[in-house]
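So you can see what is in the structure, the chains are spelled out below.
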Amino acid sequence: MDPREQWSGNVLDRARGALIGCAFGDALGAGYEFTYPAPSDEIGMIGGGIGPFAPGEWTDDTSMAIAVARAAHSGLDLRAAAGLDAVAAGFLDWLRSEPKDIGNQTARVLHEAGPDAASMARRASAITGLKGGNGSLMRTAAIGLAYLHDPEGCADAAALVSDLTHDDERAREACQIWSSAIRHAVLTGTLDGARAYLDGVAGSTRSYWSPLFDQAETGSPADFASNGWVVHALQTAWWAITTTDAGAPTHAHEAMERAVRAGRDTDTTAAITGMLVGARWGASSLPDDLVAMLHGWPGLTAVDLGDLAEGIVASTR
Ligand SMILES: [Mg+2]
């Protein structure tokens, strides 16, 4: 039996949507990074930005998510040394491609890390100054797909993959929340997973994050304007998701556009938004003409991302 047959077509479409949604938001936001689009501006797949990127080209967010996805696709457990070593090797492979854009914190770690996960995480914990960038949250699209049967495994893997480059409690927690939400969305087709995860974790984590989710639902981007910080990036994504029409079939695209309109780190906030709304609504909910434009390192297209996602689900834990 094809191992994918244990899952319905809807689950597979939503799994494809997690990775393709990440790339969609990333490429949509790429042309607007560090700007604040006016309300009258149309948001298009225009390319440009600080790459400059081609229209439809994804950036570091999706490329790093692909490195994680490929390790999961090979059947390795991302909680084990071999799985984390494969992720670390994927990051370094991408670094050697001389990417057009790389986050400051990630660059400081990758340029001086050894070839394995343990040395990469050691390097991450040795850097000083601000360490809570959004660079680990932006690459979480595939982690939930690898643990559809195992919610604890999903959260543990999310933490360990975050720790490779981001030695920060809030970054780790954000990756756990979002990976759990994506896992839940793929399984159920709902957006309930983030709050459900918080309901089940230690009180200190819940009491930190729950008010921030409340604020995102009722506030405005000015309340979480430093969205290069993982906490404000997650809030921007949650704001974009919960202040657009969550009952409309066009919700995924609209939420990503809204994330771009919040401004600043637009590719990353839209990628974070896109991986969850893509997992909720499925790849088939996204406009075909724009999905067909998606491409990027390492020479992949949206079809390849979807196949990668299905392959992970076929061997999910
Ligand atoms: Mg980027």
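Per an unreviewed UniProt entry, the chain goes by ADP-ribosylglycohydrolase family protein and derives from Lolliginicoccus lacisalsi. Heading Sequence similarities (unreviewed entry) of the UniProt record for the chain holds this comment: "Belongs to the ADP-ribosylglycohydrolase family."

J.: Is there a simple way to explain the UniProt feature "binding site: Mg(2+)" (unreviewed entry) in the chain in this structure?
T.: In this numbering, the UniProt entry assigns the feature "binding site: Mg(2+)" (unreviewed entry) to T59, D60, D61, D265, D267 and T268. Look at the named residues: they lie 210 residues apart in sequence, but the longest C-alpha span between them is just 12.3 Å, so in the fold they bunch up. Within the element layout of this structure, D61 appears in helix α2 (residues 60-73). Along the polypeptide, D265 turns up in the loop between α11 (251-261) and α12 (266-281). Overall, D265 belongs to the buried group, its relative accessible area being 9%. If near-sequence neighbours (up to four positions away) are discounted, D265 is found in contact with E33, N134, N227 and G228.

J.: Would you mind showing me how to read the packing of aromatic side chains here?
T.: The geometry of an aromatic ring pair is captured by the separation of the ring centres together with the interplanar angle, meaning the angle of the planes. The full count for this structure, using the stated rule, is 3 aromatic pairs. A centroid spacing of 5.4 Å and a plane angle of 80° characterise the contact between Y208 and W209, whose relative ring orientation is edge-to-face. Residue classification places W209 among the buried positions, given a relative accessible area of 0%. An aromatic cluster is present here, built from W178, F213 and W238 joined pairwise through their rings. Sitting above the plane of the Y208 ring, R170 keeps its charged end 3.5 Å from the centroid. In this structure, R280 packs its charged tip against the face of W281, placed 3.7 Å from the ring centre.

Basis of the calculations
Residues numbered from 1 in each chain as written. Predicted model: local features only at pLDDT ≥ 70, side-chain atom pairs only at ≥ 80, totals over all residues. Heavy atoms only, no water. UniProt positions renumbered as here; feature names shortened; annotations may be inferred. Helix = DSSP H or I, 4+ residues; strand = E, 2+ residues; numbered from the N terminus. Buried < 20%, exposed > 50% of the residue type's maximum accessible area, 1.4 Å probe, protein only. Contact = heavy atoms within 4.5 Å. Phe/Tyr/Trp six-rings, centres within 6.5 Å; stacked < 30°, edge-to-face > 60°. Lys NZ or Arg CZ within 6 Å of the ring centre and 35° of its normal.

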